[in-house]
Every structure is written in C-alpha cells, then in structure tokens.
Amino acid sequence: MDPPLTNFNPTPFPASLPTISLKKISLSKLLNDDEAESRRMFDVCTNEGFFYLDLTGEPKGQKFLRELHDVRQEAEGIFTGTTMEVWNTWEARKGEGHVSSGYKRAATNEKGGAEILEVFNVAHSDLGDTTTPFQLPSCLSDHTPLFRSTIRSGHNIASIILGALEKCIQLPSSSLTSLHRLSETSGDFLNVLRYPAPPAERHGTVNFPPHRDANSITILFTWLGGLQVPESDAEAVDEDNWRFVEPLPDHAIVNLGEALQALTNGVLKAGKHRVVAPPGNQVNFDKYSVIVSTRPTDDTIMRCLQSPLIPPETEEQISEGNFTIKQWTIRKAMRVMGATHKA
Ligand SMILES: O=C(O)CCC(=O)C(=O)O
Ligand SMILES: [Fe+2]
C-alpha cells in the first residue's frame, strides 16, 4: 500500500475570490470512449483551451497523481539543497537545440537565494530513452526513474486527450496521436517551478507574464492559487479580465498549446495564461507547479492537417514553407524575444 498523499496546501484558497469556472472533464469517461464527454472537451478546446481533468476513478489517473505528488515532495529538497554552482554544471546542454532544458531563475536575493521564480526542466530526451542520455546534475539524476515515469504517464494521458480530439475534429484515426510518440525524440519535458513566497511589496505582482505555450498539451498540477486566465478571449486582455483558476484536489489543469493550434489551423485554441502571487493567506507560502508538456516528435512538419472541419491553408501560409517542430519553436521563440526587446 502506498502511503497517503501529503496535503501540500497549507491554507485554503480564499472563498470569496472571483474565479473562472473551468469545465471538468473526466479521464475515466474519456478512457471509456464516452462521446458526450469528448464533445464537451472538444467544445472547450475550440474556445478557451483550458479545462480541469478529473483524475479520480481511474488507475492511470491515480498513478499520475502519485507521481506528481512525489515530484512535488522531492522538489523542495532539490531547490533548497542545490547551489548555483551545481546548477551551472547543467548549462553545458545549451546550444544543442534543447530550448527549454536546464535550470533558470528570475532573480537572486542578497542571500543568494532565488526570487520570483526558479525552475528546472528535465527533457525526456535527456533521460536516455531515445538518445544518448545527457548527464543530469547530481541533485536530479537520483530521481531519473520518477521523472521518466511522470513524463510517460503525462504523455499517455495527453494521448488519450489527442485521440478523443482527433475523432471530434473528423481526422482519420491516429492523425494526432501518431505525431506524438515517446518512442521517437521529441521536446516532451517535465517542468518544476517554485515561486518563493514574495515579500509584502510584491504581493499582487505578475510572476510569469501572459503567454500561450509552444507545445501541444500542458498538464499542470499545482497546490496554491496564482494561475490566471482571461475571462474573455479578446487578444488584448484588460487587467480586470484576469481570473484565478482554483487548484482542485485530484484534478490537473490542462491547456492546449500553439503547436496543436497550428496543426489544426486554429480550430483548436491555445489558452492564454499568466501567474501572479498566490491570493489571500496563500501568499505567505512558496508556490510549486509541476508540468508535463507533450510536443510533436522532432521530425513533425508543422503544416495543418486536412479534415472537413479544418480550413485549408491560405496562399500566405503555403508560401511560408515547411518547418519541423524544432525550427518552428526556435522561430516562435525568436519572434517573442524580438517583441519583448522592442517593448
Ligand atoms: O506555474 C504555473 O502555474 C504555470 C507556468 C507556465 O505557464 C509555464 O511554465 O508555461
Ligand atoms: Fe505556460
């Protein structure tokens, strides 16, 4: 028998806060080919692109919950016990085309600790399943089996979501799932984020600016509030339009990313989001998020798929040429960086 899961929520999410009521989709129903549940999910994915995934009542969901919990459990010691010197040994991977792997922090305080946000990102391709393993820093290498099984569980759940979506979008069977295979190299990763409890002057500040993810599916598990999505889908979001997503026990928060949006020529929508300091008394605690990100395999050409529900590409889209997912991601990152530098 596994020991019970620790409750990592030291104080409740404030009851009076306006939140967004995301739809709850049941993993168990998706696994049982429940057509109505798939349609409900498809409807969300063609609109706000964000939903809760209920992981209860299903062994695959229970296993994933345990893994996410165990990653959270280990994360505390990893972050507090690792010096910048050790993290810096991981920097060698930079420049090898793995845009997201490694350790990053937003700022350092006078005692040398992380401020605002620190994150470590373990790429699936660094675990040695599809390529020569990359030497993870010592603080992470002990946890390789846990990281591997968490990425696999998240990927399998993402495949169940993709399988249901491809039916709803009238694509031939396996059109989306076959582009997402862990047996090939892909940019799938596990991301662990820690937002240290902010000092009083930073209560209410934005810690992760608004963005959409560059992947296909993000499965997020978090214990404290702070994640926000816009109430309306307008491109320019007013400060008043941001709403908290309340973390619910046993429910992951799922959003679609821009790769899936591109593959379906905008039919499936990537959800915009940001992270602010936790609300109410939760602001006094460090916030952790554990993310499994699923992406198309590296050889995927980022052209939209054909279905009666997907609008054909315009002349302009056709003239852009063919890019693999890796090239597409780098172009996208450069465009975001260009926009940030101009701002
Ligand atoms: O920490 C979170 O809740 C979300 C972080 C996020 O949006 C990201 O890593 O892309
Ligand atoms: Fe994100």
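Residues numbered from 1 in each chain as written. Chains lettered and ligands numbered in written order. Predicted model: local features only at pLDDT ≥ 70, side-chain atom pairs only at ≥ 80, totals over all residues. Heavy atoms only, no water.

An unreviewed UniProt entry lists the protein under the name Fe2OG dioxygenase domain-containing protein, from Trichoglossum hirsutum. UniProt, in the comment section headed Sequence similarities (unreviewed entry), describes the protein in these words: "Belongs to the iron/ascorbate-dependent oxidoreductase family." (UniProt positions renumbered as here; feature names shortened; annotations may be inferred.)

Undergrad: Explain the layout of surface pockets to me, please; I cannot follow it from the model alone.
TA: Using a probe with the size of a water molecule, rolled over the atoms, empty space left in the structure can be pinpointed. Of the pockets and cavities examined, the second largest pocket occupies roughly 420 Å³. Lining the second largest pocket are 21 residues; nearest its centre among them are N47, E48, D233, A270 and K272. Elements that contribute at least two residues to the lining of the second largest pocket include exactly strand 8 (227-230) and helix 7 (258-263). Taken together, the residues of the lining of the second largest pocket break down into eight nonpolar, five polar and eight charged. (1 Å grid on protein atoms, 1.4 Å probe; cavity = no way out; pocket = protein on both sides within 12 Å on 5 of 7 lines; lining within 4 Å. Points joined across faces, edges and corners; volume = space filled by probe spheres on them. Helix = DSSP H or I, 4+ residues; strand = E, 2+ residues; numbered from the N terminus. Nonpolar A, V, L, I, M, F, W, Y, C, P; charged D, E, K, R; others polar.)

Undergrad: Would you mind going over the packing of aromatic side chains with me for this structure?
TA: Geometry of an aromatic ring pair is reported as the spacing of the ring centres plus the angle between the planes. Tallied over the entire structure, the rule returns eight aromatic pairs. Seen from their ring centres, F79 and F120 are 5.3 Å apart, and the 45° between their planes marks the pair as tilted. Remark: F120 occurs in strand 4 (residues 114-123) and F79 occurs in helix 3 (residues 59-81); sequence separation between them is 41 residues. Accessibility expressed as a relative area gives 4% for F79, which makes it buried. With a relative accessible area of 0%, F120 lands in the buried category. (Phe/Tyr/Trp six-rings, centres within 6.5 Å; stacked < 30°, edge-to-face > 60°. Buried < 20%, exposed > 50% of the residue type's maximum accessible area, 1.4 Å probe, protein only.)

Undergrad: Help me out: how do you make sense of the UniProt feature "domain: Fe2OG dioxygenase" (unreviewed entry) in the protein in this one?
TA: Mapped onto this structure's residue numbering, the UniProt feature "domain: Fe2OG dioxygenase" (unreviewed entry) falls at residues 185-296. Helix makes up 5% of residues 185-296 and strand 39%, whereas the separation of the span's terminal C-alpha atoms amounts to 9 Å.

Undergrad: Whenever I open this one, the environment of N47 confuses me. Can you help?
TA: In this structure, N47 sits in the loop between helix 2 (35-45) and strand 2 (50-54). The sequence separation of N47 and V276 amounts to 229 residues, and the corresponding C-alpha distance is 23 Å. Within the local environment of N47, its side chain forms a polar contact with the backbone oxygen of D43, the two atoms lying 2.7 Å apart. (Polar contact = N/O pair within 3.5 Å; in protein donor to acceptor, adjacent residues only side chain to side chain.)

Undergrad: What should I look at first to understand the nonpolar core in this one?
TA: The nonpolar side chains of a soluble globular protein tend to be buried with one another. With 60 residues, the main nonpolar core has L53, F120, L140 and I161 as its most contacted residues. Sort the elements by how many residues they give to this core and helix 6 (residues 144-168) lands first, with eleven residues. Counting residues in hydrophobic clusters, the runner-up holds 16 residues, among them Y52, L117, L193 and I291. (Core = buried A, V, L, I, M, F, W, Y, C linked by side-chain atoms within 4.5 Å.)

Undergrad: How should the coordination of the iron ion (ligand 2) be read in this particular structure?
TA: Metal coordination angles have textbook ideals: 109.5 degrees for a tetrahedral set of four donors and 90 or 180 degrees for an octahedral set of six. Every protein donor of the iron ion (ligand 2) is accounted for by H211 (NE2), D213 (OD) and H273 (NE2), and the metal-donor separations fall at 2.1 to 2.2 Å. Read N to C, the donor residues that coordinate the iron ion (ligand 2) are spaced as H-x1-D-x59-H. In this pair, D213 is assigned in the loop between strand 6 (206-211) and strand 7 (217-222) and H273 in strand 11 (residues 273-276), connecting sequence segments 60 residues apart. There is no split in this pair, since D213 and H273 are both buried. (Donors = N, O, S within 2.8 Å, 3.2 Å for Na, K, Ca; no water.)

Undergrad: What exactly am I supposed to notice about the site of ligand 1 here?
TA: Contacts to ligand 1 come from N191, L193, Y195, F208, H211, D213, L220, H273, V275, S289 and I291. D213 is positioned such that a nitrogen or oxygen atom in its side chain is 3.2 Å from an oxygen atom of ligand 1. Contact between ligand 1 and S289: an oxygen atom at 2.9 Å from a side-chain N or O atom of the residue. The protein chains hide 92% of the 290 Å² of surface that ligand 1 would expose on its own. Here the shell around ligand 1 takes three residues from strand 5 (residues 189-195), the largest share from any one element. Its residues placed into classes, the shell around ligand 1 shows six nonpolar, four polar and one charged. (Near = heavy atom within 4 Å. Areas by Shrake-Rupley, 256 points an atom, 1.4 Å probe, with all protein chains shown as cover.)

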